[in-house]
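Summary of structural features
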Amino acid sequence: MTKRDSDNPQGFSRRQALKLGAVSTVAVGAPAFFTRNAWAENFRNDPGNASSVTFGFNVPQTGPYADEGADELRAYKLAVKHLNGEGDGGMLNTMTPKHLKGNGVLGKKVVYVTGDTQTKSDAARASAKRMMEKDGVIMISGGSSSGVAVAVQGLAQEMGVIFMCGLTHSNDTTGKDKKRYGFRHFFNAYMSGRALGPVLKEEYGNQRQAYHLTADYTWGWTQEESIKNTTEELGWKTTATVRTPVGAGDFSQYITPVLNSGADVLILNHYGKDMINSLTQAVQFGLRDKQVNGKNFEIIVPLFSRLMAQGAGDNIKGILGTTNWNWSLQDDASKAFVKSFGQEYGAPPSQAAQTCYVQALLYANACEMAGTFYPPEVIKALEGFKFDGMGNGPTEYRAADHQCFKDVLVVRGNENPSSQFDLLKVVKIVPRSQVEYDPKIFGGDLGPYKV
Amino acid sequence: MDAFLLQVLNGLDKGGAYALIALGLTLVFGTLGVVNFAHGALFMLGAFCAVSLQQLLTISKKIKDPSVTFFDAFKETPYMEIWFGDAGTAIISYSVPLSILLAIPVMLLVGLIMERGLIQFFYKRSHAEQILVTFGLAIVIQELIKVAFGANPIPQAAPPIFAGTAPVGHWIGLGDAVVYPWWRMIYLFFSGVVIFAVFAFLRYTTYGMVVRAGMADRETVGLLGINIQRRFTIVFGIAAVVAGLAGVMYTPILPPDYHLGMEFLVLSFVVVVVGGMGSLPGAVSAGFLLGILQSFASMNEVKNIFPGIDQIIIYLVAVVILLVLPRGLMGRKGVMES
């Protein structure tokens, strides 16, 4: 028989209240337990029960970086093929740790839409917005310009769609403009400077006068700053830093002042067609045949790729720079990727292609790790993710700024190529520890997981 | 002094292109009274004559590249080289100057078709309507080129004999430090020759004399029984050829793409206005003047004082000149003043 407490007019004993509380907690918590991964209604472009999931590849198909864009698109198409279990699998055979099964992502077939960034930030944003709003993409990747990457990354954060950056080299992308929804596999200008410095000292000494021609946007500015800091640490003097418009075409008016400036090194902070044009014109003006201050005049291109070397022809021979990856690397992952890409397209992949291919695979792998497409969970899976077998050796996606850390290649335009594609010679593989830095030096704030 | 001379040379070669386009633009305006905003597209079409010939000469046979072992790679060897050996290689390397032979008939034909097919219907319409229709035509032409050749610039090489630099400083006793690329010197010389040829044609031939008379008083020339309209149509064709040749020879300096014409059109129109609408010497002088000013504005010493001046100098000078001389440098009274 239950004795009622006279002080408790409703007739509940303490024990009964505790029991009721426990039952209520279980009752309320049970649905959340059984639907652990059920964020279905809460995020943009949730594929739900659809049999496919759409990726958006937003690359420059026109403009000064169009060659890189075309190669990026080839790589994305190959990545989709491999994710869906078609072809020879490429780097899916070498990637570790790997959660991908070759049956799409989370059992859904991957399909894609493409867009043209035109190498312009506003066009890139408009194209990305269309993909997010009309095409229903779950993820966007691409871009061959840091201006574009920063602009699209901002949009990705606003819209809650993950952006896996393509080729972007500005410090700002994972520095002051970093975003929770943006991830960069490619290296940056700071790392180029750190990697290039010792080689420049060894090759050209510490008594040089450098003249910078710089593409006038975020990437150019940060590369100029990083390389200038590096060369000044070596003891070099900076004669001038001159900004040039992107896509200028004719750089003669900027090159002629170099001739009588007293500088003995020209540093071209240009990329893509701009670099091809400025380098070709610098050579036409006889800069590489000049002797200044008793030294041979030298040209340095801190960031270059095989595609640019191809465009610049003989002019690139002997010129030093850095690159994220080169097809001539002999690790298993690089060899598998080169073989797969070469069989598909008849030419080896560029560094832009490699970074884009890897980004597509990394995103898909993170979804498998998270067990969902829900962006905050996928982001958490990518943050701090350590992997290997993707062509760059052991690599880490640093959680603090979403920047990948790995070895950097210092290369030289090959003077004795053994084939039509053998245009860059790897001078030095600079270890990750030498190019690492404190994320605080570039500031910025990643922002929230939930938007 | 060295830097000064280099910037003058730089300005002259850029000014050469401006002058050639502006010359055709003002010739058409002076004869037909049409403001032809499709003239930049003619410059671009000329450049693509060079691209077409180069692509024709380099039609290639694919041969397996044994040096690539990872996958099946192919080297492209032009049939010209397979059939003619070194002579074939030499012909390919001279594709840009050879393109002149292709560009003259092609551009003449394009000019005549453009004038007979479209422009003639707008002679008596307002300048605003002429600008609208010719601008539309320019967009159509550039989109057609984009479809045919793609959106990316297509590099063209100058003949190897013109690689390297001319010792300009040595020639004028300023030492060996002042050098200038041979092809740009050739372009400057070529501009001068074409400009001289056009002026000589107008001044020293009977045909040219009639055209000049028609420019001055169209009605009186017509009353004399001369079919001035037919001559003006041919002048339109000649203007197209001049713009086309300027485009052909500019390709080793700036790889052409479909948008090339628009980039030059706006600047060339400013050149025409600064030179004085309808004035041929005005167009040429203003072309070289603005080219040189643009070049000097790019000097670091100038940009340090006025950042960004290199991008706006031409428009700034145009505003100043038109404020001081409303008809431009050599404009005639009554032209475009009704």
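Let me sum up the structure you'll find in this document.

Rules of the game
Residues numbered from 1 in each chain as written. Chains lettered and ligands numbered in written order. Predicted model: local features only at pLDDT ≥ 70, side-chain atom pairs only at ≥ 80, totals over all residues. Heavy atoms only, no water. Helix = DSSP H or I, 4+ residues; strand = E, 2+ residues; numbered from the N terminus. Buried < 20%, exposed > 50% of the residue type's maximum accessible area, 1.4 Å probe, protein only. Contact = heavy atoms within 4.5 Å. Salt bridge = Lys/Arg side-chain N within 4 Å of Asp/Glu carboxyl O. Axes fitted to C-alpha atoms, helices over the stretch in contact; angles between N-to-C directions. Parallel < 35°, antiparallel > 145°, perpendicular 65-115°, else oblique. Left-handed = near helix turned anticlockwise from the far one by under 90°. Buried area = accessible area lost by both parts, 1.4 Å probe. Polar contact = N/O pair within 3.5 Å; in protein donor to acceptor, adjacent residues only side chain to side chain.

**Some points on the side chain of threonine 355 of chain A**
All names here are of chain A.
- Tracing the sequence through the fold places threonine 355 in helix α11 (residues 351–370).
- Judged by relative accessible area, threonine 355 falls into the buried class, the value being 0%.
- If near-sequence neighbours (up to four positions away) are discounted, threonine 355 is found in contact with Gly166, Leu167, His185, Phe186 and Asn324.

**Section: the pattern of salt bridges**
- Evaluation of the coordinates by the stated rule reveals 27 salt bridges over all chains.
- Measuring nitrogen to oxygen at the nearest pair gives 3.7 Å for the salt bridge that ties aspartate 250 of chain A to lysine 14 of chain B. Here aspartate 250 of chain A, found in the loop between β7 (237–244) and α7 (252–259), pairs with lysine 14 of chain B, found in helix α1 (residues 2–32), and the two come from separate chains.
- Note that lysine 64 of chain B is salt-bridged to aspartate 72 of chain B, the shortest N-O span being 3.4 Å.
- Of the residues examined, aspartate 72 of chain B reaches a relative accessible area of 48% and is grouped as partly exposed.
- Here the residues in one salt-bridge network are Asp250 of chain A together with Asp13, Lys14 and Arg184 of chain B, joined through shared partners.

**What to know about the packing of helix α5 (residues 189–204) of chain A against helix α6 (residues 218–234) of chain A**
Residue and element names in this part refer to chain A.
- Where α5 contacts α6, the two axes come as close as 9 Å, and the packing angle between them is 30°. Considering the angle they form, α5 stands roughly parallel to α6. Note that α5 runs across α6; the crossing there is right-handed. For the pair α5 and α6, contact is made by Ala189, Tyr190, Ser192, Gly193, Arg194, Leu196, Gly197, Leu200 and Lys201 and by Thr222, Gln223, Ser226, Ile227, Thr230, Thr231, Glu233 and Leu234, respectively.

**A word on the interface of chain A and chain B**
- If you look at the interface, chain A gives 40 residues, while chain B gives 36 residues.
- Of the roughly 2,800 Å² buried between chain A and chain B on both sides combined, carbon and sulfur atoms contribute 54%.
- The tally of links between chain A and chain B comes to 13 residue pairs in polar contact (both at pLDDT 80 or more).
- Mapped by element, the contributors of at least two residues to the side of chain A that touches chain B are α2 (66–83), β7, α7, α8 (272–284) and α10 (332–345) of chain A.
- Top element by residues in the side of chain A that touches chain B is α7 of chain A. It accounts for 6 residues.

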